[in-house]
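# Coordinates in review
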Amino acid sequence: MRLVIIGAGFAGMYAALSAARLRDIQGVSPEELEIALVSPEPTLVVRPRLYEPKPETLTAPLLDVLNAIDVNYVQGSAETIDTKSRTVQIATDKGPRKTLSYDRLVVATGSKLFRPKIPGLAEHGFAVDSLDDAVALDKHLKGLAKRPAVNGRDTVVVAGGGFTGIEAATEMPARLRDIFGKDAKPHVIIVDRNPAIAPDMGEGARPVIEDALRKLGVETRLGAGVASLDGSGVTLSNGEHIESETVIWAAGIRAAPLTQQIPAERDNFGRLLVDRDLRVPGVDGVFATGDAARAACDNEGNYALMSCQHATRMGAFAGNNAAAELLGVPTKCYHQKGYVTCLDLGEAGALFTTGWERKVAMVGDVAKETKQEINTVWIYPPKAERAAALAVADPERVTDVTGFL
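Here is what the cut-offs are and how they apply
- Residues numbered from 1 in each chain as written.
- Predicted model: local features only at pLDDT ≥ 70, side-chain atom pairs only at ≥ 80, totals over all residues.
- Heavy atoms only, no water.
- Helix = DSSP H or I, 4+ residues; strand = E, 2+ residues; numbered from the N terminus.
- Buried < 20%, exposed > 50% of the residue type's maximum accessible area, 1.4 Å probe, protein only.
- Contact = heavy atoms within 4.5 Å.
- Axes fitted to C-alpha atoms, helices over the stretch in contact; angles between N-to-C directions.
- Parallel < 35°, antiparallel > 145°, perpendicular 65-115°, else oblique.
- Left-handed = near helix turned anticlockwise from the far one by under 90°.
- Nonpolar A, V, L, I, M, F, W, Y, C, P; charged D, E, K, R; others polar.
- Pairing = 2+ DSSP bridges.
- Right-handed = clockwise from strand over helix to strand, strands pointing away.
- Core = buried A, V, L, I, M, F, W, Y, C linked by side-chain atoms within 4.5 Å.

## Regarding the side chain of Thr259
Relative to the helices and strands, Thr259 is located in the loop between β19 (253-255) and β20 (272-273). Assessed through its relative accessible area of 1%, Thr259 is described here as buried. Contact partners of Thr259, with chain neighbours within four places excluded, come to Val107, Thr109, Arg266, Gly270, Leu272 and Ala292.

Here's what the structure looks like:
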């Protein structure tokens, strides 16, 4: 029997850990149940931190962990999924394509930044969505120091006033002072079509965010979108033109395109609709998880968000359940009632909220300490020791934040 997992992000990593854990509990050998993880590189990109400087350091190796738990790593990019023949075609940098059959498949392909066809965005826009995006932005910012301080060199426009946009914008003043010198006066502007900043964070959290933006000197242009970009800067939908050599697009994500090959229903974000066990209804042998899946977290109408917090736990349930079906043991109903957010606010600290209503629990330096622990400890892979790695993969305990609630 073979269980194939596509993707080495947070959901894919925990799917592999959890499936291997259940196999171990059931006393089944790796030869009887092969678990294979497909990804271009055996590396976890710590995506939630890509707004930070030195993005090239924000990865974690996975090969030793996978080897420790007897998960086979298959290098390459999954290009084609045939759910009728239960095969995945994998493209490699060297050599011919590989075809991998599966008895169960976990689609953990994540998400990508949504880049609309705005004139000039592809040519002049930057992002912090992927490692390549973040490295390109970092290189660009460092290169600005060699240019004259005119024509918007010191102005950064962030398109998108949600979670990612706020973290990128509030980190930017310190990043630019490190590049230009401590006496530099960078100009950072967040642009968003919504009438208020952080539209999803709620009324309680918004004053904290607005206060942090004021302290950092970050401006906002609300109720307006980006109409076009060119070499001189960005033009907004209200006609305002902002001179800037750095425009960062942070306005939404969509499920990775591979999900479109699964003959099933999807939501407006391209996520596959799944049942409470994270199966894709009507498609035998296929599970979806993380940003590739729209899953109910509880019986109260709350659905998993496209976030690391949900991806890790969803991955653990998907991996466990896919293995459980093959091993003939009961599956576990995915649930994630506890929900918290921790928003980095740069030198202004952080904001920690609890519950779906986002009740403010911590702000400033105290919240910043929690954010740093999350970013540097909690979301990283476990040690490459079999017992330790399998111990962290119990679906019921992965990303259990009820202690904060």
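## Overview of the packing of helix α4 (residues 131-144) against helix α5 (residues 163-180)
Remark: α4 packs on α5, axes separated minimally by 8 Å, with the N-to-C direction vectors making an angle of 50°. On the basis of the axis angle, α4 is oblique to α5. With respect to the hand of their crossing, α4 and α5 are arranged in right-handed fashion. Between α4 and α5, the contacting residues are Asp138, Leu141, Lys142 and Leu144 on the first element and Met172, Arg175, Leu176, Ile179 and Phe180 on the second. Its residues placed into classes, the contact of α4 with α5 shows 6 nonpolar, no polar and 3 charged.

## Focus on the sheet that holds strand β18 (residues 246-249)
Taking strand neighbours across the sheet as the criterion, the 5 strands line up as β11-β18-β12-β13-β14 in an open arrangement whose pairing is parallel. The open sheet has two free edges, formed respectively by β11 (125-126) and β14 (218-222), since each of these has just one partner strand. Where α5 meets the sheet, its contacts fall on β12 (155-159), β13 (187-192), β14 and β18, and the angle it forms with β13 comes to roughly 170°.

## Focus: unusual backbone geometry
Backbone geometry places Asn151, a non-glycine residue, at a positive phi of 55°. Relative to the helices and strands, Asn151 resides in the loop between α4 and β12. Positive phi values are uncommon outside glycine, yet Leu278 reaches one of about 75°. Tracing the backbone through its elements, the reader meets Leu278 in the loop between β20 and β21 (286-288).

## Some thoughts on the pairing of β13
Across a regular strand the side chains alternate sides, sitting on one face of the sheet and then on the other. Burial runs high along β13: 5 of the 6 residues are buried. Bridging between β12 and β13 involves 5 bridges; their strand directions are parallel. Considered in β13, the bridge of Ala159 is made with Val191. Taking the sense of rotation as the criterion, the β-α-β connection linking β12, α5 and β13 turns out right-handed. As judged from the 5 bridges shared by β13 and β14, these two strands associate in the parallel manner. Paired with Ile189 across the two strands is Glu219, which belongs to β14. What joins β13 to β14 is helix α6 (residues 202-216), and the crossover it makes is right-handed.

## Digging into the nonpolar core
Leu3, Leu105 and Leu278 are the most contacted members of the largest nonpolar core, which has 82 residues in total. Element by element, the count of residues in this core is highest for helix α7 (residues 308-327), at 11 residues. With near-sequence residues (within four places) excluded, Leu278 lies in contact with Phe287, Ala288, Thr289, Ala295, Met314, Phe317, Ala318 and Tyr334. Listed in part, the 32 residues of the second largest apolar core include Met172, Leu176, Val188 and Leu343.

## Considering the environment of Leu327
Residue position: Leu327 is located in helix α7. Between the C-alpha atom of Leu327 and that of Asn151, which follows or precedes it by 176 residues, the distance is 64 Å. Once residues within four sequence positions are removed from consideration, Leu327 is found in contact with Met1, Leu22, Arg23, Gln26, Val28 and Leu33.

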